[in-house]
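# Structural overview for review
The residues making up each chain are set out below.
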Amino acid sequence: MTTSDWPQADPTLERAYKRLLRAYPSGYRRRHEREIVTTLLEMAEPGQQRPARADVWHLLASGVRQRFRLPAGRPLAWVFAVLALLIGGALGAAAGSWAATRTFAGVPDAAAGQALQRQIVGSPGIENHYHADSGSPWWDETAWHDTQVQGFGGWDPEQARQNLAADGWQLGEITHPPGKSATMDENGNTVELRTESNAFLAERDGVTLDIQGWTTEMYGSVTISMYPSGNAALLPLVVLGMLAGMAAGWLAAAALIQRARQGAPGRARLAVALGTLTVLALALPAVAFYGNVMRAFRYAGNDDPVFTVHSALRPGPYWPFGPEWLNLALAGAGLVLLVALVLTARVRPAPAAETQTVTS
Amino acid sequence: MQEPTFLILAALAAQPLHGYGIVQSVLDLSSGEVALRPGTLYGALDRLAEQGLIAVDREEAVEGRLRRYYRLSDSGAGALRVEVGRLRQRAEAAEEQLRQRPGIVPGLPMIINTGGLR
């Protein structure tokens, strides 16, 4: 056998083909790059210096397709890849939601809350307090400011609206939510009190104020709830994050499966065990994220605090069972297991077939 | 079985071949109709190897070039034989359908049924 029938190609063409083959997964390149380049050079026209445009697109498309490809006849690989796709989509949606909230206005701090209290109530009242709320498994941080006032004259909602409007706040309609107040007389009988309620929304610079005042003849309270209004970035970023996460989940699963198959059987079994544990750990947080995706769409545009996806990691009563930090703990455990899985699967395969060297 | 897969298996039936050899053989077998491109070829070879229908026979290397020869496995030969039988059956059935086509009698001019001749 001689080298005379081996392709003698322009080095530029060979380099161009090798660059194009980077579209393929690294493991696949290790196994097949030299033989594919040899075949490509054998198929090249004499004197050709650069790949044909059709070949460029074909190789790029084939490389990307190979990255998504799962081994044939392995139904468990498909199950694992589909679960990875779903979990990746959930994590991506949460990441998109988190990124979107970075563009939201901040919650007014205590000083800003105090200034708003003065603007809305007009006086310190009997007493007033600022409260920061770290949020819930469904929405991000909020804050509210409570003021105790004296009787019907203790708060003038019309004056509050004028003050806010003068300061550039956009005001919603004033409403009178139904409600009752009662007290007990000296005989222990319940006596209903005449109650006035006034509520309205105000919005400026991406912050919403939900103002509610309840007053009776003797006593009253004004509550100013403060939270970001949200913006149009949230839902698109959630969807984009979900799609990117799905693609990443599938790609990661395909790569891990291929690497595990190339490794030693013991490592492959360990990878399967770690993969199973990772999926189990991330399943519940993923379901919580998808639940929050549904809420984010369902309650979009409401006057309430903005529903976000990543909030599911915040401790709270998301599930009717388990501790309040269940989602956070499982997500953390899942990510640790994922890192262990990646490290386990990082095995370079040994060359499989015997190679003979051709002499000239 | 898709046509490129069938042709690759057929190409390897007679002897082990390397990538370019398979491309040329498939071109011959398909009378020039199927020109395999490397991405398609190696995707198919990878899949067929995973399914156990082909196996690496040997490798030749020279100056950074590598020719990997693939051969048809026994199960690959079995799968090819089954596919050949299936295609033959389809072809015979289609031929029979053509024979039964009304108005075509070999050696005679076409009879046109106008509905007026009874």
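Residues numbered from 1 in each chain as written. Chains lettered and ligands numbered in written order. Predicted model: local features only at pLDDT ≥ 70, side-chain atom pairs only at ≥ 80, totals over all residues.

### Things to note about the overall build of chain A
Of the regular secondary structure elements, chain A holds nine helices and nine strands. Relative to the 2.2 N^0.38 estimate, which gives 21 Å for 360 residues, the radius of gyration of chain A is 32 Å and therefore markedly larger than a compact globule would have. Its C-alpha atoms put chain A at 115 × 45 × 30 Å along the principal axes. A burial count over chain A gives 36% of its 360 residues as buried. (Helix = DSSP H or I, 4+ residues; strand = E, 2+ residues; numbered from the N terminus. Rg over C-alpha atoms; globule rule 2.2 N^0.38 Å. Buried ≥ 20, exposed ≤ 12 C-beta atoms within 10 Å, placed from the backbone.)

### Some points on the overall build of chain B
In terms of regular secondary structure, chain B is built from four helices and two strands. Across chain B, helices and strands are ordered from the amino to the carboxyl terminus as α-α-α-β-β-α. Out of the 118 residues in chain B, the part that is buried amounts to 26%. Residue pairs in contact within chain B that sit at least 24 positions apart in sequence constitute 42% of those at least 6 positions apart. (Contact = placed C-beta atoms within 7 Å.)

### Some thoughts on the packing of helix H3 (residues 53-68) of chain A against helix H3 (residues 38-50) of chain B
When two helices pack together, their arrangement is given by the angle between their axes and by how far apart the axes lie. Running from amino to carboxyl end, H3(A) crosses H3(B) at an angle of 25 degrees, the nearest separation of the two axes being 8 Å. In terms of orientation, H3(A) lies roughly parallel with respect to H3(B). Between H3(A) and H3(B), the residues in contact are A:His58, A:Leu59, A:Ala61, A:Ser62, A:Arg65 and A:Gln66 and B:Gly39, B:Thr40 and B:Gly43, respectively. Broken down by class, the residue content of the contact of H3(A) with H3(B) amounts to two nonpolar, six polar and one charged. (Axes fitted to C-alpha atoms, helices over the stretch in contact; angles between N-to-C directions. Parallel < 35°, antiparallel > 145°, perpendicular 65-115°, else oblique. Nonpolar A, V, L, I, M, F, W, Y, C, P; charged D, E, K, R; others polar.)

### Description of the sheet that holds strand S8 (residues 220-228) of chain A
Residues and elements named next belong to chain A. Pairing is antiparallel across the open sheet formed by six strands, whose spatial order is S1-S2-S8-S7-S6-S3. The open sheet has two edge strands with one neighbour each: strand S1 (127-133) and strand S3 (170-171). Sheet analysis places S3 next to strand S6 (residues 196-204), joined by two bridges and oriented antiparallel. Looking at the pairing, Leu171 lines up with Ala202 of S6. (Pairing = 2+ DSSP bridges.)

### Overview of the interface of chain B and chain A
At the junction of the two partners, chain B supplies 24 residues and chain A supplies 29 residues. Sorting the residues of the side of chain B that touches chain A by element identifies helix H2 (19-29), H3, strand S1 (54-62) and strand S2 (65-72) of chain B as the ones contributing at least two each. Here the element with the most residues in the side of chain B that touches chain A is H3(B); it accounts for seven residues. Class assignment of the residues belonging to the side of chain B that touches chain A gives a composition of eight nonpolar, six polar and ten charged.

### Here's the deal with the packing of helix H1 (residues 11-20) of chain A against helix H2 (residues 26-43) of chain A
Residue and element names in this part refer to chain A. Relative orientation of the contacting elements H1 and H2 amounts to 130 degrees, with a least axis distance of 10 Å. As far as their axial angle goes, H2 and H1 are oblique. H2 is crossed by H1, and the crossing has right-handed handedness. Here Glu14, Tyr17 and Lys18 of H1 come into contact with H2, specifically with Glu33, Val37, Leu40 and Leu41. (Left-handed = near helix turned anticlockwise from the far one by under 90°.)

### Description of the nonpolar core
Among the nonpolar cores identified, the biggest contains 47 residues, and A:Ile87, A:Ala90, A:Ala93, A:Val238, A:Ala253, A:Phe289 and A:Val309 are the most heavily contacted of them. Considering each element in turn, this core owes the most residues, twelve residues, to helix H4 (residues 75-101) of chain A. Sequence-distant contacts of A:Val238, that is, excluding residues within four places in its chain, are made with A:Ala93, A:Gly96, A:Ser97, A:Val293, A:Ala296 and A:Val309. The next biggest cluster of nonpolar side chains, apart from the first, holds 35 residues, and it includes A:Leu40, B:Ile8, B:Tyr70 and B:Leu80. (Core = buried A, V, L, I, M, F, W, Y, C linked by C-beta atoms within 7 Å.)

### Some points on the environment of A:Leu326
Residues and elements named next belong to chain A. Mapped onto the secondary structure, Leu326 falls in helix H9 (residues 326-345). Sequence separation of Leu326 and Pro305 is 21 residues, and the distance between their C-alpha atoms is 23 Å. If we skip the residues at most four places from it in the chain, Leu326 touches Leu284 and Trp319.

### Side note on unusual backbone geometry
For A:Asp205, which is not a glycine, the phi torsion comes out positive at approximately 50 degrees. Within the fold, A:Asp205 resides in the loop between S6 and strand S7 (207-215). The phi angle at B:Ser31 is positive, at roughly 55 degrees, despite the residue not being glycine.

### Considerations on the confidence of the model for chain B
On average, residues of chain B carry a pLDDT of 87, and 86% of them reach 70 or more. Across the assembled chains, the prediction reports ipTM 0.80 with pTM 0.79. (pLDDT = per-residue confidence, 0-100.)

### Thoughts on the confidence of the model for chain A
Model confidence for chain A is summarised by a mean pLDDT of 89, while 95% of its residues fall at 70 or above. Mean pLDDT values for the elements of chain A range from 54 in strand S9 (residues 355-357) of chain A up to 95 in H4(A).

### Remarks on the pairing of strand S4 (residues 181-184) of chain A
Of the strand pairs in this sheet, S4(A) and strand S5 (residues 190-193) of chain A are connected by four bridges, and their pairing is antiparallel. Looking across to S5(A), one finds that A:Met184 is bridged to A:Thr190.

### Looking at helix H6 (residues 157-166) of chain A
Residues and elements named next belong to chain A. Every buried residue of H6 is listed here: Pro157, Ala160 and Leu164. An end-on view of H6 places all buried positions within 55 degrees of arc, on one side of the element. Summarising the geometry of H6, the exposed residues directed more than 90 degrees from the buried face are Glu158, Gln162, Ala165 and Ala166. On its buried face, H6 sits against helix H5 (110-121), S3, S6 and S7. Positive backbone phi, at 90 degrees, marks Gly168, one or two positions downstream of H6. (Arc of directions from axis to C-beta.)

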